[in-house]
Amino acid sequence: MSSTFDRAWWKSAVVYQIYPVSFFDSNGDGLGDLNGITSKLDYLKDLGVDVLWLSPIYSSPMADMGYDISDYRNIDPRYGTLEDWDRLLKGVHDRGMKLVMDLVVNHTSDEHEWFKKSRAGGKINNPMRDWYIWRPPKYDAQGNRQPPNNWKSIFQGSAWEYDEPSDEYYLHLYVTKQPDLNWENPKVREAVWDIMNFWISRGCDGFRMDVINLISKVPGFPDAPITEPAATYQSAFMYYVNGPRVHEYLKQMNTEVLSKHNLMTVGETPFTNDPNQLAPYVLPISKELNMVFQFQLMHIDSPHSSGSDTEPYKNDPLVWTEWKLNEMKTIVETWQTFKRDEGYWNAIFIENHDQPRSVSRFGNDSVEWRTISAQLLAIFQITQTGTLYVYQGEEIGMKNFPRSWPIEEYKDVATINYWNLILEQRKKESDGKEVDMSDVLDNLSKKARDHSRTPIQWDASSHAGFTTGTPWMRVNDDYADSWNASVQAKDEASVLNFWKRALAIRKKHEVLVYGDFRIISFEDQQVFAYTRSLGNTTALVLLNFKETAITFPLDEVKRFDGFKFVLGNHPSEKELPSNSVVLKGYEGKVYIKS
């Protein structure tokens, strides 16, 4: 296995994702904003960030936290103005960093002018009608009106919403206020290219593309197979994930827009874990995108099905099961070694705005182990091939909020819809008796997206220094301890300062970005160990994922001489011992020899 990767600025970059509403509030209204981001640029530069990715900041009714866009060419007043964005961009570029925007074009808001015209103009002689996906109703044997098919929305209920004036339904894979665009219409595609060019001409450096593998649907919109007999609506991923024309559309996007600029592109590709399904999005020969976010590692603590090897997970993102280290190893090895000789490039992450906090999920967020295990997870990420993505607050070891928080503290539409669905089902089954939802809250306390959306903990002042007003969402209770950026900046042993050192090590040693990947002692149930090799340089990575110490044999490391210790979350010897190495609880070590 050889590394043949071409070098590119976006491959070695460290990308920092900002969820603007929770980052920093500059005006005291309780909502993070663009000027708040601008005020923290020196913090981000000092951390080692190269690229900022902004989750959506466009005009929006906020039915899904800005992923329902009503005007792609304007900033939502909650976040600021276009002039604020220009000022932020200048500050980013002046510090040698780049700015990536979130492109959400599978759907719009139902308050977008396009949809207003599509709906209000009716279905006859309306040039905007087929900008969205409209279909007539079906009728059952009793003459009752039904949706065009049995597809279930990703956020529960039917994927179709009835429009009485036109007697038709429109498709919304997400909430009802997010109607899907009709990419079959070339005018829609041209409008998307225009949006992209608007932001490129303004100076943005690339795009993260939301659910980009859903933009092509199977013609005819057939009913989904019955996989949940008790449910009215059924999962229909096979009819809209990686659809028949998706690669045609992305190649056209590349030809018309992307190929004319030196941009960074990353596509979000949920609901599929098959590498061969995702390869065409990324391989250089395809001329589509630089990389995609695949979510296989994000599924290992979800219920498993008895289905195929490539799609072994049920779509139960809010249900928790215990994950296994060997499954993590298999997934990481699959993607680290996948089509390297053809130039497949990974996106490395374990947190984002749709995932719970990694230290609570893959580490140990107890008082004793939180710092050490958060640092272990930093080592885990900075030693893999791919563009590295750090999510806001990950660098200070932010964790899930407590199980004691009631459902009223959860804000995410996916969480609330799921809670209400289960509550309604249980009420029907209870014959009026009190309903126990504690098991659902147990799962939400581990898996809900809300955990990643609490405000960033900047200091020990009121509301963690996020706002001088009332925060839009409750701040996690631990901010007044050492779990804020201000305290950690002064502590060399903190998670924050460890991330700074770890990112500097990644940038210093190209082997960590581009080197080959080989697992050591795959069957070990406690230690994840691997080597990275590039030319005459080899890195050895040892990660103990449990709190018990272990003596790890180095039988598979052929030569011990020359390995120098470069990074770890415990004090360590400067050279690699022969034969075996002792790893303390949640200890991670990186050795490199040239």
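Residues numbered from 1 in each chain as written. Predicted model: local features only at pLDDT ≥ 70, side-chain atom pairs only at ≥ 80, totals over all residues. Heavy atoms only, no water.

1. Some words on the packing of helix H6 (residues 246-256) against helix H7 (residues 275-282)
Geometry of a packed helix pair, given as the angle between the helix axes and the separation of the axes.
Here is step 1 of the chain: Between H6 and H7, the least distance of the axes is 10 Å, while the angle of their chain directions is 20 degrees. Taken together, the axes of H6 and H7 lie roughly parallel to each other. Judged by the twist between their axes, the crossing of H6 over H7 is right-handed. Packed against H6, whose contacting residues are Val-246, His-247 and Leu-250, the element H7 presents Gln-277, Pro-280 and Tyr-281 at the interface. (Axes fitted to C-alpha atoms, helices over the stretch in contact; angles between N-to-C directions. Helix = DSSP H or I, 4+ residues; strand = E, 2+ residues; numbered from the N terminus. Parallel < 35°, antiparallel > 145°, perpendicular 65-115°, else oblique. Left-handed = near helix turned anticlockwise from the far one by under 90°. Contact = heavy atoms within 4.5 Å.)

2. Digging into the domain arrangement of the protein chain
Here is step 1 of the chain: We note that the domain assignment places domain 1 (13-101 + 346-361 + 387-412 + 448-508), domain 2 (113-171), domain 3 (205-345) and domain 4 (515-593) within the protein chain.
Here is step 2 of the chain: Each of domain 1 and domain 2 was reduced to a C-alpha centroid, and the two centroids are 37 Å apart. (Domains from an automatic or database assignment.)

3. Some thoughts on empty space enclosed by the protein
One simple way to see leftover space: roll a probe sized like a water molecule over the atoms.
Here is step 1 of the chain: The full count for this structure, using the stated rule, is five cavities of 30 Å³ or more.
Here is step 2 of the chain: In this model, the largest cavity occupies a volume close to 170 Å³.
Here is step 3 of the chain: Lining the largest cavity are 15 residues; nearest its centre among them are Gln-294, Leu-297, Ala-347, Ile-348 and Gln-384.
Here is step 4 of the chain: Elements supplying a minimum of two residues to the lining of the largest cavity: helix H8 (325-337), strand E14 (347-348) and helix H10 (370-382).
Here is step 5 of the chain: With four residues, H8 is the single largest residue contributor to the lining of the largest cavity.
Here is step 6 of the chain: Partitioned by chemical class, the residues of the lining of the largest cavity number ten nonpolar, five polar and no charged.
Here is step 7 of the chain: Viewed by domain, the lining of the largest cavity spans two of them, domain 1 (13-101 + 346-361 + 387-412 + 448-508) and domain 3 (205-345), each represented by three or more residues.
Here is step 8 of the chain: The computed volume of the second largest cavity comes to approximately 60 Å³. (1 Å grid on protein atoms, 1.4 Å probe; cavity = no way out; pocket = protein on both sides within 12 Å on 5 of 7 lines; lining within 4 Å. Points joined across faces, edges and corners; volume = space filled by probe spheres on them. Nonpolar A, V, L, I, M, F, W, Y, C, P; charged D, E, K, R; others polar.)

4. Some remarks on the sheet that holds strand E17 (residues 527-534)
One key point about sheets: their strands pair by backbone hydrogen bonds, in either a parallel or an antiparallel sense.
Here is step 1 of the chain: Strand order in the open sheet made by the five strands is E16-E17-E18-E22-E20, with antiparallel pairing throughout. Among the strands making up the open sheet, the edge pair consists of strand E16 (516-520) and strand E20 (564-568). Averaged over all pairs of adjacent strands, the angle between their axes in this sheet comes to 20 degrees, without regard to strand direction.
Here is step 2 of the chain: In this sheet, strand E22 (residues 588-593) lies alongside E20 in antiparallel orientation, the contact comprising four bridges. Across the sheet, residue Phe-565 finds its bridge partner in E22, namely Tyr-591.
Here is step 3 of the chain: Against the sheet, H10 touches E17, strand E18 (537-544), E20 and E22, its axis set at about 145 degrees to E18. (Pairing = 2+ DSSP bridges.)

5. Focus on helix H4 (residues 113-120)
Here is step 1 of the chain: Trp-114, Phe-115 and Ser-118 are the residues of H4 that are buried. Angular distribution of buried residues about the axis of H4 spans 90 degrees; they occupy a single face of the element.
Here is step 2 of the chain: Of the surrounding elements, those touching the buried residues of H4 are strand E4 (71-75), strand E6 (134-135), strand E10 (168-171) and helix H5 (186-202). (Buried < 20%, exposed > 50% of the residue type's maximum accessible area, 1.4 Å probe, protein only. Arc of directions from axis to C-beta.)

6. Structural notes on the side chain of Ser-452
Here is step 1 of the chain: Here Ser-452 shows up in the loop between helix H12 (438-447) and helix H13 (485-489).
Here is step 2 of the chain: Within the local environment of Ser-452, its side chain forms a polar contact with the backbone oxygen of Arg-449, the two atoms lying 2.9 Å apart. (Polar contact = N/O pair within 3.5 Å; in protein donor to acceptor, adjacent residues only side chain to side chain.)

7. Thoughts on the nonpolar core
Here is step 1 of the chain: Trp-85, Met-328 and Phe-528 are the most contacted members of the largest nonpolar core, which totals 161 residues.
Here is step 2 of the chain: When sequence neighbours within four positions are dropped, the list of residues in contact with Phe-528 reads Leu-325, Met-328, Lys-329, Val-332, Phe-380, Phe-517, Ile-519, Val-541, Leu-542, Leu-543 and Phe-545.
Here is step 3 of the chain: Counting 22 residues, the second largest nonpolar core, distinct from the first, contains Trp-160, Leu-171, Tyr-239 and Val-241. (Core = buried A, V, L, I, M, F, W, Y, C linked by side-chain atoms within 4.5 Å.)

8. Some remarks on the layout of surface pockets
Here is step 1 of the chain: Quantified by volume, the second largest pocket comes out at close to 540 Å³.
Here is step 2 of the chain: If you go around the second largest pocket, you meet 26 residues; those closest to its centre are Trp-10, Val-282, Pro-284, Leu-289 and Asn-290.
Here is step 3 of the chain: Tallied by class, residues from the lining of the second largest pocket come to ten nonpolar, eight polar and eight charged.

9. Quick notes on the sheet that holds strand E11 (residues 206-209)
Here is step 1 of the chain: In spatial order, the strands read E13-E12-E11-E5-E2-E1-E15-E14; together these eight strands make up an open sheet with parallel pairing. Edge positions in the sheet fall to strand E13 (291-293) and E14, since each has one partner strand and no second.
Here is step 2 of the chain: Judged from the three bridges that link them, strand E12 (residues 264-268) and E13 form a sheet pairing that is parallel. From the neighbouring strand, Val-266 faces E13, where its bridge partner is Met-291.
Here is step 3 of the chain: Helix H3 (residues 82-94) rests against strand E2 (51-54) and strand E5 (98-103) of the sheet, and its axis sits at about 135 degrees to E5.

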